[in-house]
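Observations on chain architecture
Below, each chain spelled out in residue letters.
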Amino acid sequence: MNATTASKGTRVLGAVALVGVATMLLFGLVISPPDGVSVAQAEGGQRIGQGEVVRIMYVHVPTAIIAFLAFFVTVAGSIVYLLRRSEWADVVAHASGELGAVLLFAALVTGALWGEPVWGTYWEWQDPRLTTTAVLFFLVLGYLAVRRLPLERGRRSRLSAVVGLLLGPTTVVCHFATTWWVGLHQGPTISRLDPQIDGTMLFSLMVAMATFGVLYAWLVLHRFRVLWLENRVEDLGLEVALAERRAEGRTMATSGVVGSPPTPSGVPS
Amino acid sequence: MWRDAALVAAKDLRIEARTRVALNQLAPFAVLVLLLFAFAFDAERTVLRGATPGLFWVAILLASLLAVQRAFALERPDGLRDAVRLSGLHPGGLFLGKVAAVAVQLFALEALLAVGVVALYDASLSAPLLLVPTCIVGALGLAAVGCTYGGLTGGQRVAETILPLLVLPALAPLLLAATQAFEAAAEDRPGEGWRWLALLVAFAAGYVGLGTATFGILLDDG
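Residues numbered from 1 in each chain as written. Chains lettered and ligands numbered in written order. Predicted model: local features only at pLDDT ≥ 70, side-chain atom pairs only at ≥ 80, totals over all residues. Heavy atoms only, no water.

The final tally for this structure, using the stated rule, is 11 aromatic pairs over all chains. Ring plane angle 25° and centroid distance 5.8 Å describe the contact between A:Phe224 and A:Trp228, whose orientation is recorded as stacked. Here A:Phe224 and its partner A:Trp228 are both found in helix α7 (residues 199–255), 4 residues apart, which amounts to about one turn of the helix. On the accessibility criterion, A:Trp228 (29% relative accessible area) is partly exposed. Here a set of aromatic residues connected by ring pairs shows up, and it is made of A:Trp88, A:Phe224 and A:Trp228. Seen from the ring of B:Phe72, B:Lys98 lies directly overhead, with NZ or CZ sitting 5.4 Å from the centre. (Phe/Tyr/Trp six-rings, centres within 6.5 Å; stacked < 30°, edge-to-face > 60°. Helix = DSSP H or I, 4+ residues; strand = E, 2+ residues; numbered from the N terminus. Buried < 20%, exposed > 50% of the residue type's maximum accessible area, 1.4 Å probe, protein only. Lys NZ or Arg CZ within 6 Å of the ring centre and 35° of its normal.)

For the rest of this paragraph, the subject is helix α11 (residues 190–218) of chain B. An ideal rise of 1.5 Å per residue puts 42 Å on 29 residues; α11(B) measures up with 39 Å between its terminal C-alpha atoms. Most pronounced at B:Thr212, the bend in α11(B) amounts to some 35°. (Expected span 1.5 Å × (residues − 1). Bend = angle between axes of the 7 residues up to and from the residue.)

Our focus in this paragraph is a nonpolar patch on the surface. All names here are of chain A. On the surface, Leu 25, Leu 26, Leu 29, Val 30 and Ile 31 cluster together into a nonpolar patch covering about 470 Å² of accessible area. Mapped onto the fold, Leu 25 is located in helix α1 (residues 8–31). A residue is classified by how much of its surface remains accessible, and Leu 25, at 43% relative accessible area, is partly exposed. (Patch = residues over 30% accessible without salt bridge, like charges linked within 9 Å, V, L, I, M, F, W, Y side chains within 5 Å. Areas by Shrake-Rupley, 256 points an atom, 1.4 Å probe, with all protein chains shown as cover. Salt bridge = Lys/Arg side-chain N within 4 Å of Asp/Glu carboxyl O.)

For the rest of this paragraph, the subject is the interface of chain B and chain A. Across the boundary between the two partners, chain B contributes 20 residues, which contact 19 residues of chain A. With both sides pooled, the region where chain B packs onto chain A buries about 1,700 Å², and carbon together with sulfur makes up 75% of that total. For the pair chain B and chain A, the interface holds 0 salt bridges. Among the elements of the structure, α7 (128–153), α8 (157–160), α9 (163–170) and α11 of chain B are those that each provide at least two residues to the side of chain B that touches chain A. (Contact = heavy atoms within 4.5 Å. Buried area = accessible area lost by both parts, 1.4 Å probe.)

What follows deals with the pattern of salt bridges. Residues and elements named next belong to chain A. A complete count under the given rule lists 17 salt bridges over all chains for this structure. For the salt bridge of Glu 87 with Arg 232, the shortest nitrogen-to-oxygen distance reads 3.2 Å. Of this pair, Glu 87 sits in helix α3 (residues 87–119) while Arg 232 sits in helix α7, and the two are 145 residues apart along the sequence. On the basis of relative accessibility, which here comes to 22%, the residue Glu 87 falls in the partly exposed class. Between Glu 234 and Arg 153 there is a salt bridge whose closest N-O contact spans 4.0 Å. Within this pair, whereas Glu 234 is found in helix α7, its partner Arg 153 is found in helix α5 (residues 153–165), the two being separated by 81 residues in sequence. Judged by its relative accessible area of 41%, Glu 234 is partly exposed. Among the ionic contacts, a cluster of salt bridges with common partners joins Glu 87, Arg 153, Arg 156, Arg 232, Glu 234 and Asp 235.

This is the structure we're talking about:
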C-alpha cells in the first residue's frame, strides 16, 4: 500500500514551490527596494513612503488574492456537486476551502501587521475591504464547521455545498470592496493596464503571486488525496473493523490467549 | 407553492399562539438583552441613546437565532421532519411558510423592542415611514437567512451549535443596512435611509430566492 499522498507530479510541484519561496524571499527581502526610495520623493527632498514595511506586501497581497481564488474553486466545486453529485467536486471544494481559510487568515494577520505602521492602527472599521474580509473569514469557518458535522457523508456534502455556494457573493463583494467604496485600502493597483507600482516591486510581487499560487495547488492536491482516502476509509470502516475482530477472535482461539481485549486497530495499547 | 407556504405559516403561527413560546421566552429574552446593554454601558443615557439603532438590531438579531431554532425544533420530535418530507408539500413553500411565520414573530418583537428603547434608553423614534418598512424588511431578511441555515441544522442536535456561526456572519450586511437606515431616520436624512432600505430589500430578496431554491436540497429532497 502506498503510504504517501505524493506522486511524481506533486513532487515536481513541491520542488517548484520551494524554489519559488527562495526566489520570493530573495526578491522580497533583498532585490526589491524599500518604498519611498525609488518611487516617491517629497518636494523638500524628504523621503516619503512606507520604507521597509512595504515588504509585507509580498505576503499580504498574494495570500489574499489566492484565498479569493480558492473560494471561487470551492463555489465551483459546490455547484458541480449539486448538479452532478460528483465526489471529486465535493472533495475539491473541501480542500480548497481549507487552504483558502489558512491563506485568508494569513492575509488578515499580515494586513493588521502592515496596517499598524502605515495607517497607525491594526484594524480600521471604516475600511470596507477589512470588514468584508472579516465576514468572509467567519463564513468560511462556518463552512468548515459544516464539513466536520458527524452526519452521513452524502447529507454532509449536500449541506456543505449549499453553504459553500454562499461564499461566492461575499467573495465578490470583498474583492470589489475597494472599487465600490472608499476606504483605507487603495483601489486596483496591479490589475490595470498601467500598474501603479515600481517595476522591481511589481516583478517581486508577481514572483510572490506565482509562488503562492503553486503552493496552493501543491497543498490542495495533497489535501484532496488525504480527504479522498478518508472517504475510502469511511466506506470501508465497518467492514474492516468486523474483519479485524473476526481475525483477532480466530488468532486468540488458536493460540489460547486469554487477556485484555486488543485495541480497535489491533495494536496493543 | 404559495398555498403550501400559507399552510405552513398558519400551522407554525397556530402552534406559537397555543404554546406561547415567543411570548414567554423570546420577548423576555430580547428585553433582557436591552437591559444587559444598559448595564454594560454603565446606564449612560447619552451613550445608549446614540447607540440605540445598533443595540436594537443586535437584540433582534440574537432573538432571531432563538426564533429560528424554535421554528425548526417544532418538527424534531417523533420523526415529524420525515412526516413533513412525506407530506408532498413543495420545499419552496415550506421554506416560505417558515420564513413568514418567523418574520411575523420578529416584527412583533421589533414593535416591543421599539417601545423598550424609548422607555429604557430614552431614544426618540422619528420618521415612521422609513422605520416601519425597515422593520418589516429587516424581519423578513432575518427570517430568510435564519431559515436557510435553519433548514440545514434543523432536526439534528449535532448541527444546532453551528447555527450562530453560520447565521451571524451572513447577517452582517443586514445589521449594517438596518442600523444605518435607523440612524438616517433618527438624524433626519431620509434620502440616505431609503438607500439603505433598498440594500436591505435586495439582501432579503436574495436570501428568500436562494432559500426557496435550495430548501429542497437541505431537506434531502434534492
